[in-house]
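Here are the chains, one letter per residue:
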Amino acid sequence: MWTKNNMPDQTGKTAIVTGANAGIGFETAFALYQAGAHVILACRSQENADEAFSKIQAKKGSGTLETALLDLSSLAAVKQFAETFIQKHRQLHLLINNAGVMIPPASKTADGYELQFGVNFLGHFALTGYLYLLLNATPGSRIVTVSSLAYLNGVIDFDNLKSEKDYNAMREYCQSKLGNLIFSIELQRRITAANDQTVSIAAQPGANKTELTRHMSEEAFNTAVARVGELMDPWQGALPSLYAATSADAKAGELYGPDKDGGYRGYPARATITPNALDEQIAKKLWEWAEKVTGLNYPKL
Ligand SMILES: NC(=O)c1ccc[n+]([C@@H]2O[C@H](COP(=O)([O-])OP(=O)(O)OC[C@H]3O[C@@H](n4cnc5c(N)ncnc54)[C@H](OP(=O)(O)O)[C@@H]3O)[C@@H](O)[C@H]2O)c1
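The present account deals with the structure reproduced in this document. Just so you know, these numbers come straight off a predicted model, no measurement behind them.

Some details on the packing of aromatic side chains
- Evaluated as defined, the whole model comprises 13 aromatic pairs.
- By the ring-pair criterion, three or more aromatic residues cluster together here, those being Y113, F117, F121, F125, Y132, F183, W287, W289 and Y298.
- Stacked on the ring of F30, the Lys or Arg K59 has its end atom at 4.6 Å from the ring centre.
- Of note, K162 hangs over the ring of Y113, and the distance from its end group to the ring centre comes to 4.7 Å.

Focus on the pattern of salt bridges
- Under the counting rule described, the total for this entry stands at 14 salt bridges.
- Between E288 and K284 there is a salt bridge, with the nearest N and O atoms lying 3.0 Å from each other. Placement of the pair is E288 and K284 together in helix α9 (residues 280–294), with a separation of four residues, close to one helical turn.
- Residue classification places E288 among the partly exposed residues on the basis of a relative accessible area of 40%.
- A single network of salt bridges, built from pairs that share partners, joins E186, R189, R190 and E280.

Details of the layout of surface pockets
- Roughly 160 Å³ of internal volume is contained in the second largest pocket.
- As for the second largest pocket, its lining consists of N21, A22, G23, F26, N48, E51, A52, K55, K209, T210, E211 and P234.
- Put simply, the parts of the chain that give the lining of the second largest pocket at least two residues each are α1 (23–34) and α2 (46–57).
- Among the elements that take part in the lining of the second largest pocket, α2 stands out by supplying four residues, more than any other.
- Class assignment for the residues of the lining of the second largest pocket results in four nonpolar, four polar and four charged.

Let's talk about the site of the ligand
- The local shell around the ligand holds 28 residues, among which N21, R44, N98, Y173 and T210 are the closest.
- Note that an oxygen atom of the ligand is positioned 2.7 Å from one of the side-chain N or O atoms of N21.
- A distance of 3.1 Å separates an oxygen atom of the ligand from a polar atom in the backbone of L212.
- Those elements that place two or more of their residues in the shell around the ligand are α1 and α5 (169–194).
- Grouping the constituent residues of the shell around the ligand by class yields 11 nonpolar, 12 polar and five charged.

A closer look at the sheet that holds strand β4 (residues 94–97)
- As summarised here, the arrangement of the eight strands in space is β3-β2-β1-β4-β5-β6-β7-β8, forming an open sheet in which the pairing is mixed. The open sheet is flanked by β3 (64–69) and β8 (265–271), the only strands paired with a single partner. Neighbour to neighbour, the strand axes of the sheet diverge by 25 degrees on average, direction disregarded.
- With three bridges connecting them, strand β1 (residues 14–18) and β4 associate as parallel partners. Across the sheet, residue I16 finds its bridge partner in β4, namely L95.
- Docked against the sheet, α5 engages β4, β5 (142–146), β6 (199–203) and β7 (255–260), running at close to 155 degrees with respect to β6.
- Sitting on the sheet, helix α8 (residues 239–246) touches β4, β5, β6, β7 and β8, and the angle it makes with β5 is about 160 degrees.

Cut-offs and rules
- Numbering of residues begins from 1 in every chain and follows the order in which that chain's sequence is written.
- Owing to the predicted nature of the model, reporting of local features is limited to residues with pLDDT of at least 70; listing and counting of side-chain atom pairs is limited to 80 or more, with chain, interface and lining totals taken over all residues.
- Here the side-chain values reflect all heavy atoms present in the structure, with hydrogen atoms and water set aside.
- Side-chain rings of Phe, Tyr and Trp, where Trp is taken by its six-membered ring, are said to pair if the distance between their centres is within 6.5 Å; with planes under 30 degrees apart they count as stacked, over 60 as edge-to-face, and otherwise as tilted.
- Both a distance and an angle decide whether a charge sits over a ring: NZ of Lys or CZ of Arg must be within 6 Å of the ring centre and within 35 degrees of the ring normal.
- The salt bridge definition used is simple: a Lys or Arg side-chain nitrogen within 4 Å of an Asp or Glu carboxyl oxygen.
- We count a stretch as a helix when DSSP gives it H or I for four or more residues in a row; a strand needs E for two or more, and each element gets its number in order from the N terminus.
- When accessible area is computed with a 1.4 Å probe and restricted to protein chains, residues below 20% of their type maximum are described as buried, those above 50% as exposed, and intermediate ones as partly exposed.
- Buriedness of a pocket was judged along seven lines, with at least five required to meet protein on both sides within 12 Å; pockets are open sets of points on a 1 Å grid over the protein atoms alone, cavities are sets where a 1.4 Å probe fits but cannot get out, and lining residues have an atom within 4 Å of a point.
- Grid points are joined across faces, edges and corners, and a volume is the space filled by probe spheres set on the points.
- When residues are grouped by polarity, Ala, Val, Leu, Ile, Met, Phe, Trp, Tyr, Cys and Pro land in nonpolar, Asp, Glu, Lys and Arg in charged, and all others, Gly among them, in polar.
- To be near a molecule or strand, a residue needs just one of its heavy atoms within 4 Å of it.
- Side-chain atoms alone can form a polar contact between residues adjacent in sequence; in general such a contact is a pair of N or O atoms within 3.5 Å, and within protein one must be able to donate a hydrogen while the other accepts it.
- We call two strands paired when DSSP finds no fewer than two bridges between them.
- Each axis is a line fitted through C-alpha atoms, taken for helices only over the stretch in contact, and angles between the N-to-C directions span 0 to 180 degrees.
- In what follows, residue pairs with any heavy atoms lying within 4.5 Å of each other are defined as contacts.

Right under this line is the structure:
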């Protein structure tokens, strides 16, 4: 059973955690801080970031903290965040692509993409791209992208990436979480092909009590809990991300998640990845589409 007590010392490491003010992101940031890392709490609200900063600092830990504004629903804001970060920091050991939104009312990003696909997938695609050179120049760096078991039901609908045909909240969430996993795996394929040194690993947190369900009705929430069973506390949901980010046994290009009850509960273990996330043609098409719409060319890949 791997817990955060098994984490190697993170002193001297710099880590960005997106969505660090709540749920799994908060616990991920806290654990990295406890282990000695310098953690950047990347949040879309300064007030929430400051609150998380104070809460973590009040606890025992040998790390240091910094807050930074990051709104993943705007590609311009993502670029601004990355540029500011690069001006300020010479190294980036860990990028934890954690932030996420689930089944909001139909809404779009500043760039016109469906909110879940835009924030969960496209925002993190752009963020990683802007920080890639720095990550790859930092020895021992890792890029951890948080997916979900929802990816199992995901399909990338290339004809509806802006959700112009119709809006089905859960379908779009599943698509975005499949996008996260495809991205993580394809990134590693490209890292390997370029013989680069950074690594890309995916995590899925299982079923946890967090604010992710904020857009669910009470009835829908109760139905979901009846289906998946007891929810874990967010500290436990953070373990797969922490394992992917710090364990010497975590392997590039893999997915880690809870080991029990079909991946809903338990402690980190390697998860089997289903074919919908391993299709190389879909990955290439999605990657090229994302590069085109973000205007990003991943260095050397
Ligand atoms: N909870 C689960 O059981 C579960 C299961 C599978 C996967 N996941 C994944 O785990 C990750 C963390 O979710 P959680 O459960 O911890 O949910 P959460 O408690 O709702 O936290 C989500 C975080 O993402 C941030 N966020 C949302 N939209 C953003 C944006 N546009 N720009 C920047 N940050 C944004 C939120 O900020 P605000 O507080 O300002 O909204 C919050 O900090 C997500 O990727 C989610 O898909 C969770």
